[in-house]
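Examining the three-dimensional arrangement
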Amino acid sequence: MAEALQSCAGITDADARLACYDRLAEQPGADGDIPATTPRARTLALPGGAEARGSDPARWSGSRIDAVWGFAPDSSRYVIASHRPSYLLPARYSDRPNEQPFSPLAELADADRVELDSVEARFQFSFKTRLWTTDDRRWGLWGAYTQQSQWQVYNDREGVSRPFRETNYMPELILSYRPDLSLGGFHWRLLNMGYTHQSNGRAEPLSRSWDRLFAEVGVERGDLVLNARVWHRIQESDTRDDNPDITDYLGYGDLTAFWQQGGHSYTLMLRGRPATGKGAVQATWMSPPILGPLRAYTQVFSGYGESMIDYNWRQNTLGFGLALSDLY
């Protein structure tokens, strides 16, 4: 039996090696011969009595993508989890506040300019819930929601009531799949397809909205995760379109890199449309937890589209605060 175990251990393909151990486990008297630490069956019980064979926990423990998207076969079938980062920036500075954010479709050249402070508060919360999944968790259907607000909390000018300058609402429906392929040293573990609606819920001339179909690919290597996303805007009629030129500024996709080392995490997001020369870059840093789950958070942004009302407004911003959850 020892020789048979050694033979199985020498098999490099994970599935073939597992099948070898399974065959040994089915032989008469095998229970007494195989040490308790040998991965004989690798069978995990799943809800409803289903089983996932070949589910070695070592395959899942080191993957950030698997953890965030619940791909491990023993993960909960229905779960509510964080989606995008949730944070509070009590101080966010803009070098060029958008004091006249009127639609390019409206004739509002004489509209009154709103006096804004360069420093305001910004916060975001985001979550997702799995609505359906296969027994092996390789496919899943998720509903997600993200809300972001900019608050002129420090605006003490006479006649100004410290307004919420902008709030964006973004529900999503996402179908996720785990390809489990290796590409040039990276592991391809995420393929998402879905629908996104984003709007600021305001009336004309300040209304902004768009609907998109998107596809997203996620790969990882060690502590580095790369997400690439492309989208197609669902066109609206000319009479209903609040922002017909939005893709000139936000383009047709984005690329996000996430890296974590020593409890500190960093992200870099790039998007744009080369044909128009417009786009944006955003970089963030999060510390290890400093107060319960809360982490120090810094966000730097440069370009167009920091919010829906600012989709065609270029600015540079810097914010400091606390975060409850990260991208990964």
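First things first, this report covers the structure right here in the doc. Only a predicted model underlies this, so the values are computations on that prediction, with no experimental measurement involved.

Looking at unusual backbone geometry
- A cis amide bond, omega 5°, links Glu 204 with the succeeding residue Pro 205.
- Phi is positive for Asp 180, close to 60°, though the residue is something other than glycine.
- Along the chain, Asp 180 falls in the loop between strand E7 (164–177) and strand E8 (181–183).
- Taking the relative accessible area as the measure of exposure, Asp 180 reaches 32% and is therefore partly exposed.

Structural notes on a nonpolar patch on the surface
- Nonpolar side chains collect at one region of the surface, where Leu 131, Trp 132, Trp 139, Leu 173, Met 193, Tyr 195, Leu 213 and Ile 234 lie side by side and expose about 710 Å² of accessible area between them.
- Relative to the helices and strands, Tyr 195 resides in strand E9 (residues 186–199).
- Given a relative accessible area of 32%, Tyr 195 falls into the partly exposed group.

Quick look at the pattern of salt bridges
- With the rule as written, the count across this model stands at 18 salt bridges.
- The shortest N-O distance in the salt bridge between Arg 77 and Asp 135 comes to 2.7 Å. Of the two residues, Arg 77 is situated in the loop between helix H4 (64–69) and strand E3 (80–82) and Asp 135 in the loop between strand E5 (119–133) and strand E6 (139–151); the sequence distance between them amounts to 58 residues.
- Among the residues examined, Arg 77 registers a relative accessible area of 17% and is labelled buried.
- Residue classification places Asp 135 among the partly exposed positions, given a relative accessible area of 38%.
- Overlapping salt bridges, with partners in common, bring together Arg 92, Glu 120, Arg 122, Arg 165, Glu 306 and Asp 310 in one network.

Let's talk about the nonpolar core
- If you look at the biggest cluster of nonpolar residues, it comprises 20 residues, and the most contacted ones within it are Ile 65, Trp 69, Ile 174, Leu 190, Trp 210, Ile 246 and Tyr 328.
- If near-sequence neighbours (up to four positions away) are discounted, Ile 246 is found in contact with Trp 210, Arg 233, Gly 251, Met 308 and Tyr 311.
- In terms of nonpolar packing, the next biggest core, distinct from the first, is built from 5 residues, Tyr 87, Leu 89, Met 286 and Tyr 297 among them.

Description of the pairing of E9
- Of the strand pairs in this sheet, E7 and E9 are connected by 7 bridges, and their pairing is antiparallel. The residue of E9 that forms the bridge with Ile 174 is Gly 194.
- Sheet topology places E8 next to E9; 3 bridges connect them, and they run antiparallel. Counterpart to Ser 182 in the pairing with E9 is His 187.

Let's talk about the pairing of strand E13 (residues 264–273)
- Across 8 bridges, the pairing between strand E12 (residues 253–261) and E13 is antiparallel. Residue pairing in the sheet places Leu 255 in a bridge with Leu 270 of E13.
- Taken together, E12 and the strand that follows it, E13, pair antiparallel across an intervening segment of 2 residues, in which Gly 262 is found at a positive phi of about 60°.
- Bridge analysis of E13 against strand E14 (residues 278–291) gives 9 bridges, and the strand direction is antiparallel.

Quick look at the side chain of Glu 120
- On the secondary structure map, Glu 120 appears in strand E5.
- Taking the relative accessible area as the measure of exposure, Glu 120 reaches 2% and is therefore buried.
- Of note is the side chain of Glu 120, whose polar atom sits 2.8 Å from the side chain of Gln 152.
- A polar atom in the side chain of Glu 120 sits 3.0 Å from the side chain of Arg 165.

Concerning the environment of His 264
- Locating His 264 in the fold gives a position in strand E13.
- Distance from His 264 to Trp 285, taken between C-alpha atoms, is 7.2 Å for residues 21 residues apart in sequence.
- The contacts of His 264, once residues within four sequence positions are left out, are Trp 259, Trp 285, Met 286, Ser 287 and Pro 288.
- Side-chain polar atoms of His 264 contact the side chain of Trp 285, separated by 3.2 Å.

What counts, and where the lines are drawn
Residues numbered from 1 in each chain as written. Predicted model: local features only at pLDDT ≥ 70, side-chain atom pairs only at ≥ 80, totals over all residues. Heavy atoms only, no water. Helix = DSSP H or I, 4+ residues; strand = E, 2+ residues; numbered from the N terminus. Buried < 20%, exposed > 50% of the residue type's maximum accessible area, 1.4 Å probe, protein only. Patch = residues over 30% accessible without salt bridge, like charges linked within 9 Å, V, L, I, M, F, W, Y side chains within 5 Å. Areas by Shrake-Rupley, 256 points an atom, 1.4 Å probe, with all protein chains shown as cover. Salt bridge = Lys/Arg side-chain N within 4 Å of Asp/Glu carboxyl O. Core = buried A, V, L, I, M, F, W, Y, C linked by side-chain atoms within 4.5 Å. Contact = heavy atoms within 4.5 Å. Pairing = 2+ DSSP bridges. Polar contact = N/O pair within 3.5 Å; in protein donor to acceptor, adjacent residues only side chain to side chain.

The values reported here are purely geometric and, on their own, carry no functional implication.
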